[in-house]
Amino acid sequence: MTMPPEQERAKEYLLEKGTQAPLAQIRERVADAFTAMDALLEGVTEVQARRPPGGGEWSVQEILDHLVETHPLALQEMRALLENRHSPVSPIPAGLQSAAPMARRWDELRAALRRVHHEVLDVLDAAPDRPTGARAPIVMVINARDADGAVKPLSWIEECDWKACAVIFRLHELDHLGQARKALRARLR
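Residues numbered from 1 in each chain as written. Predicted model: local features only at pLDDT ≥ 70, side-chain atom pairs only at ≥ 80, totals over all residues. Heavy atoms only, no water.

Asker: Help me out: how do you make sense of the overall build of the protein in this one?
Answerer: Across its full length, the protein carries six helices and two strands. Ordering the α and β elements of the protein from the N terminus gives α-α-α-α-α-β-β-α. Relative to its length of 189 residues, the protein is compact, with a C-alpha radius of gyration of 17 Å against a globular reference of 16 Å. Along the longest, intermediate and shortest principal axes, the C-alpha atoms of the protein span 45 × 45 × 30 Å. With 189 residues in all, the protein has 46% of them scored as buried. When the accessible surface of the protein is summed, it comes to about 9,900 Å², and 52% of that surface belongs to carbon and sulfur atoms. Counting 25 positive and 28 negative side-chain charges, the protein places the averaged centre of each group 4 Å from the other. (Helix = DSSP H or I, 4+ residues; strand = E, 2+ residues; numbered from the N terminus. Rg over C-alpha atoms; globule rule 2.2 N^0.38 Å. Buried < 20%, exposed > 50% of the residue type's maximum accessible area, 1.4 Å probe, protein only. Areas by Shrake-Rupley, 256 points an atom, 1.4 Å probe, with all protein chains shown as cover. Lys, Arg positive; Asp, Glu negative; His and termini not counted. Charge placed at Lys NZ, Arg CZ, Asp CG, Glu CD.)

Following this line, the structure appears as structure tokens:
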């Protein structure tokens, strides 16, 4: 079966920007993504965060809930891989949210996201820049064009080493950063 070109590019990216990349570069890129999200959220009120953008899309509140639920699991996964162990939490569901995303306080979600950002960067600061043999099954979701040219989600399970998992923090954050920007723009219309 032929792999879609978007999937091939994603796999190449994980190899080049994750597995084969210097740890310092990965850490810097992850930190930049976290900083960009923090900057976007600065000044966003709870009322703004809760406003649904329409079209079945998540509100900024729901996006943060998702990140606060998935990042700690991804961090647990990365720690296990760094210790050359199988991750007990893999694979992490792509649409994971808490039981009641809209019931959470905005300020607490923001604080929880900042905490997990710091934890991820602390782990990357302490990590040795060497491979381990352990891999974790990661649910990958990207946008891909189908035969008719329509853009649709493409998902698969990718076996990733710890450095690929580390760079996925960046990709995940940037994807939801774009989603949050779109949600905030939608509420202005």
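The discussion continues.
Asker: Just checking my understanding: could you explain the environment of Leu40 for this structure?
Answerer: Secondary-structure assignment places Leu40 in helix 2 (residues 23-41). Each C-alpha atom of the pair Leu40 and Ala180 lies 8.4 Å from the other, and the pair is 140 residues apart in sequence. Every residue in contact with Leu40, bar those within four places of it in the chain, is listed here: Leu177, Ala180, Arg181 and Leu184. (Contact = heavy atoms within 4.5 Å.)

Asker: Honestly, the pairing of strand 2 (residues 151-160) in this entry has me stumped. Any pointers?
Answerer: Side chains on a regular strand alternate between the two faces of the sheet. For strand 1 (residues 136-145) and strand 2, the ladder comprises 10 bridges, and the chain directions are antiparallel. Bridging from a neighbouring strand, Pro137 pairs with Glu159 of strand 2. Linkage of strand 1 to strand 2, two consecutive antiparallel strands, is achieved through a turn of five residues, within which Gly149 is found at a positive phi near 90°. (Pairing = 2+ DSSP bridges.)

Asker: How should I be thinking about helix 6 (residues 162-186) in this particular structure?
Answerer: One full turn of an α-helix is made of 3.6 residues, so residues set three or four places apart face in the same direction. An ideal rise of 1.5 Å per residue puts 36 Å on 25 residues; helix 6 measures up with 36 Å between its terminal C-alpha atoms. Residue Asp161 occupies the N-cap position of helix 6, its side-chain oxygen lying 3.2 Å from the main-chain nitrogen of Lys163. (Expected span 1.5 Å × (residues − 1). Polar contact = N/O pair within 3.5 Å; in protein donor to acceptor, adjacent residues only side chain to side chain.)

Asker: It is not clear to me how the packing of aromatic side chains should be interpreted in this structure. Could you clarify?
Answerer: In this description, an aromatic ring pair is defined by two values, namely the gap between the centres and the angle between the planes. Enumeration according to the criterion identifies one aromatic pair in this entry. When the centroid spacing of 6.5 Å and the interplanar angle of 85° are considered together, the rings of Phe34 and Phe169 count as edge-to-face. Remark: Phe169 occurs in helix 6 and Phe34 occurs in helix 2; sequence separation between them is 135 residues. Assigned by exposure class, Phe34 and Phe169 land together as buried. (Phe/Tyr/Trp six-rings, centres within 6.5 Å; stacked < 30°, edge-to-face > 60°.)

Asker: Before we go on, may I ask you to explain the pattern of salt bridges in this structure?
Answerer: Where charged atoms of side chains with opposite charge meet at close range, the side chains can pair. Tallied over the full model, the rule gives 11 salt bridges. A salt bridge links Arg104 to Asp65, with the shortest nitrogen-to-oxygen separation between them at 2.6 Å. On the criterion of sequence distance, the pair formed by Arg104 in the loop between helix 4 (60-82) and helix 5 (106-126) and Asp65 in helix 4 is long-range, its members being 39 residues apart. Between Arg105 and Glu108 there is a salt bridge, with the nearest N and O atoms lying 3.6 Å from each other. Judged by relative accessible area, Arg105 falls into the partly exposed class, the value being 45%. Take Glu108: its relative accessible area is 47%, and that puts it in the partly exposed class. One salt-bridge network, held together by shared partners, links Asp65, Glu69 and Arg104. (Salt bridge = Lys/Arg side-chain N within 4 Å of Asp/Glu carboxyl O.)

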